[in-house]
Every structure is written in structure tokens, then in C-alpha cells.
Amino acid sequence: MIVEPRHPAEDAGQRRRVAVLGGTGFLGRPICRALADQGHTVIAVARTARDVGPGVAVRALDLAAADVDEITAVLRDLDPDVVINAAGGMWGLTDAQMLAVNVTLVERLIEAAGRLPGRVRVIQLGSVHEYGLVPVDTSMPEALPPAPVMPYGEFKLRCTTAVTEADRQGLIEGVTLRVGNVIGAGQPGHSLLGVVAGRLRAAQRAGERARLELAPLGSRRDFVGLSDVVAAVLLAATRPAAAGHVINIGRGVAASARDMVHLLIDVSEVPTDLVEADPTGPAETSWQRLDVGLAAEVLGWSPSEDLHTEMKQLWEHAGAEVPA
């Protein structure tokens, strides 16, 4: 069944009604705030209704447990032009939990959105980990055949495939943003930088010198600022040309995890001894550098040059609990 887009002639200057799944989390909360600031009607959908900020309504729904009928009922009630899926996760979750909050949720969302009277734009936040391993000094364009090497990447790829196929069938206007390793305020505590920030804060409170004993930090990955990701999501929600695309969102720079940890230490100004364990085998992901040319072409988007501001915001918000 093919249905027409709800607003096929809209451009970036017009207001949308947007539902953000996972709207109280690390990515969802700033996305909601930015959409509201632009004058869009925004509804955050999350397991627990928590205040997101002015101009953002919140609807409680356990997305991981909700069936298709429940999601359909909520979407019909909210009547969105755009649904942004900022739910999901990897840190601190088992494979079964990752499957539920990523693949199962997206499959149910697509079926629910396909039941609506008009074709809704669904924006899926994918991951650089969908690509898997590539040779050092090479970039990852969207045309690169994905070959994930970790379960999270496999699950995210299944989501991307489902969204792309649903767009092809005309059930939704599907857009997937393959996002790099995000740095910013509210960094999840299970992530590398979240763990480091927590230990630095603990040392600061105790008036002690911090000692960080970490796994090897030599892998080079594409780290991207949270504010840049939010900007890309807003463009994907409003640019007609984005429909049907899988689009990389990163800095196009391969930076070592070690450099990121040192940057956080420098921003914190906490005296620190950093000790890395000796490598015991090949890293799952030793090199990541996204080709972001399509994002510039389709979205008119480009990343910031450095991550100092994002790291400073991460540090200032370290310890603040951001629910998923």
C-alpha cells in the first residue's frame, strides 16, 4: 500500500507536529528543546513522563514493552507529521535488551506508522557501528556495504534496513541518520567518557588526585558533538530531499579515544594519572571516519571543527542523571 506524504510541498520554514520517541534521554531531550525553540509542536514520548522544558509536552509510554496497537493508538492521538526515534541504546544493556529497544521497537513503529492515514516521516537514529571494520586511513561512505562486528551494530543495521524498505514500499517517509560517537551534556554514565567524568567528579569532591585505569585507548573513532547531531536531526525533519536517504552524521575525523579522554581531563582541570592496560587482542573497532559529503549535499549540514565546547558541556553536566 502506498499513501501520499502528509505535507509533500512543505519546506524548511514551515512548522511541524513532531513526536520524539525517547524524548527525555541523552539525544531526545535536546532534540525536543531545539524543535520547540524553532516553533514546532513537540511531544516527547518516554517510559516515564519527566519535564523536558518549555514548549514540550510529554506522553508516558514504555516503548520497549508497547505492542503495535498501543503505539498505533498513541500516534493516532498525537497525529504527528514527523516521528523521530531517539529511543534505543547499548550501554549497560544485554543483547536481549538491545534487541527489544532497537529492532523490535522500530519494527513495531513502522507497522504503526503505516496504519496512519497519511505518510509520516520517520527519522531513525542509526550508528556508525553499522559499518563494522574498515582499513585504516579510509572513510566510510553510505555506499559502503555494512558489515557490523558487534551486536549493537547488527541491531542498528536491521533498523536501518527496515526503515529503508518501509520507505521503498511507501509506508513511511524514512530517513536514517548514521551517527558517530556522540559527545555532549548528559553523557550516559556507562559510556567511556561518562565513566571518566564520574571518576573525575568523585576525585574533585574528595579533593584528591584522580587515577584512571582504563582499557587501551588507541582506537580511532569518529566523535561528533551533540549539538551538531541535534542540528542534523532538525534538518532531516524539515528538508523534503532527505526522504529515502541513509545519511552519515559525524565530523569526518578519526580521533583516538585517548585524545578524547585527555581533552576531558584538561577541561575538568582535575589533576589525573591516566594508566592504560596493555592491548590483549585486536579492537572491535580500530578505525572510524565517516564520509559526511551526503549530509552537506542533502541537508546542507556540516560539523563543528572541534569538540572543546561539547566536552566542556559534558563536564559541566557530569553527574546529572538523564533518563533513557
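These figures come from a predicted structure and were not determined experimentally. (Residues numbered from 1 in each chain as written. Predicted model: local features only at pLDDT ≥ 70, side-chain atom pairs only at ≥ 80, totals over all residues. Heavy atoms only, no water.)

A. Layout of the pairing of strand E8 (residues 210–214). The two faces of E8 differ: Ala-210, Leu-212 and Leu-214 on one face are buried, but Arg-211 and Glu-213 on the other face are not. Sheet topology note: the E8/strand E13 (residues 272–276) ladder contains five bridges and is parallel. When the bridges of E13 are listed, Leu-212 appears paired with Leu-274. (Buried < 20%, exposed > 50% of the residue type's maximum accessible area, 1.4 Å probe, protein only. Helix = DSSP H or I, 4+ residues; strand = E, 2+ residues; numbered from the N terminus. Pairing = 2+ DSSP bridges.)

B. How the structure looks around the packing of helix H5 (residues 192–206) against helix H9 (residues 308–317). At a minimum axis distance of 10 Å, the contact between H5 and H9 shows a crossing angle of 55°. In terms of axis orientation, H5 runs oblique to H9. In this structure, H5 meets H9 at a crossing whose hand is right-handed. Contacts between H5 and H9 involve Leu-193, Ala-197, Leu-200, Arg-201 and Gln-204 from the former and Met-311, Leu-314, Trp-315 and Glu-316 from the latter. (Axes fitted to C-alpha atoms, helices over the stretch in contact; angles between N-to-C directions. Parallel < 35°, antiparallel > 145°, perpendicular 65-115°, else oblique. Left-handed = near helix turned anticlockwise from the far one by under 90°. Contact = heavy atoms within 4.5 Å.)

C. Fine view of the packing of aromatic side chains. On inspection of all chains with the given rule, the structure shows zero aromatic pairs. Between the NZ or CZ atom of Arg-178 and the centre of the ring of Tyr-131, over which it lies, the distance is 4.7 Å. The ring of Trp-315 is capped by Arg-201, whose NZ or CZ atom sits 3.6 Å from the centre of that ring. (Phe/Tyr/Trp six-rings, centres within 6.5 Å; stacked < 30°, edge-to-face > 60°. Lys NZ or Arg CZ within 6 Å of the ring centre and 35° of its normal.)

D. Structural detail: H5. In this model H5 runs 21 Å from its N-terminal to its C-terminal C-alpha over 15 residues, within 8% of the 21 Å that 1.5 Å per residue would give. Considered for burial, the residues of H5 that qualify are Leu-193, Gly-194, Val-196, Ala-197, Leu-200, Arg-201 and Ala-203. Buried residues belonging to H5 abut strand E7 (181–183), E8, helix H7 (257–268), E13 and H9. Phi turns positive one or two residues past the end of H5, at Gly-207, with a value near 70°. (Expected span 1.5 Å × (residues − 1).)

E. Summary view of the sheet that holds strand E11 (residues 246–249). The strand order across the open sheet formed by seven strands is E3-E2-E1-E4-E5-E6-E11, and the pairing between neighbours is parallel. With one partner strand each, in any of the chains shown, strand E3 (56–60) and E11 form the two edges of the open sheet. Each strand axis lies, on average, 20° off the axis of its neighbour in the sheet, ignoring direction. Along the sheet face, helix H1 (residues 28–37) touches strand E1 (17–21), strand E2 (41–46), E3, strand E4 (82–85) and strand E5 (121–127) and points at about 170° away from the line of E1. The strands that helix H3 (residues 95–114) touches are E1, E4 and E5; relative to E4, the one it contacts most, it runs at about 175°.

F. How the structure looks around the environment of Glu-305. Following the sequence through the fold, Glu-305 ends up in the loop between helix H8 (293–299) and H9. On the accessibility criterion, Glu-305 (78% relative accessible area) is exposed. A sequence separation of 143 residues divides Glu-305 from Ala-162, and the C-alpha atoms of the two residues are 33 Å apart.

G. Structural context of the packing of helix H2 (residues 68–78) against H3. Here H2 crosses H3 at 50°, and the two axes come no closer than 8 Å. Relative to H3, H2 is oriented oblique. Between H2 and H3 the crossing geometry is right-handed. Each of Val-68, Ile-71, Thr-72 and Leu-75 in H2 lies in contact with H3, whose residues at this interface are Leu-105, Arg-108, Leu-109, Glu-111, Ala-112 and Ala-113. Residue composition of the contact of H2 with H3, grouped by class: seven nonpolar, one polar and two charged. (Nonpolar A, V, L, I, M, F, W, Y, C, P; charged D, E, K, R; others polar.)

H. The pairing of strand E6 (residues 173–179), seen in detail. Within E6, seven of the seven residues are buried, which leaves it mostly tucked inside the rest of the structure. Inspection of the sheet shows E5 paired to E6 by seven bridges, in the parallel sense. Within the sheet, the bridge partner assigned to Val-122 lies in E6 and is Gly-174. One crossover worth recording links E5 to the parallel E6 by way of helix H4 (residues 151–168), and it is right-handed. In the sheet, E6 pairs with E11 via four bridges, with the strands oriented parallel. Note that in E11 the partner of Thr-176 across the bridge is Val-246. (Right-handed = clockwise from strand over helix to strand, strands pointing away.)

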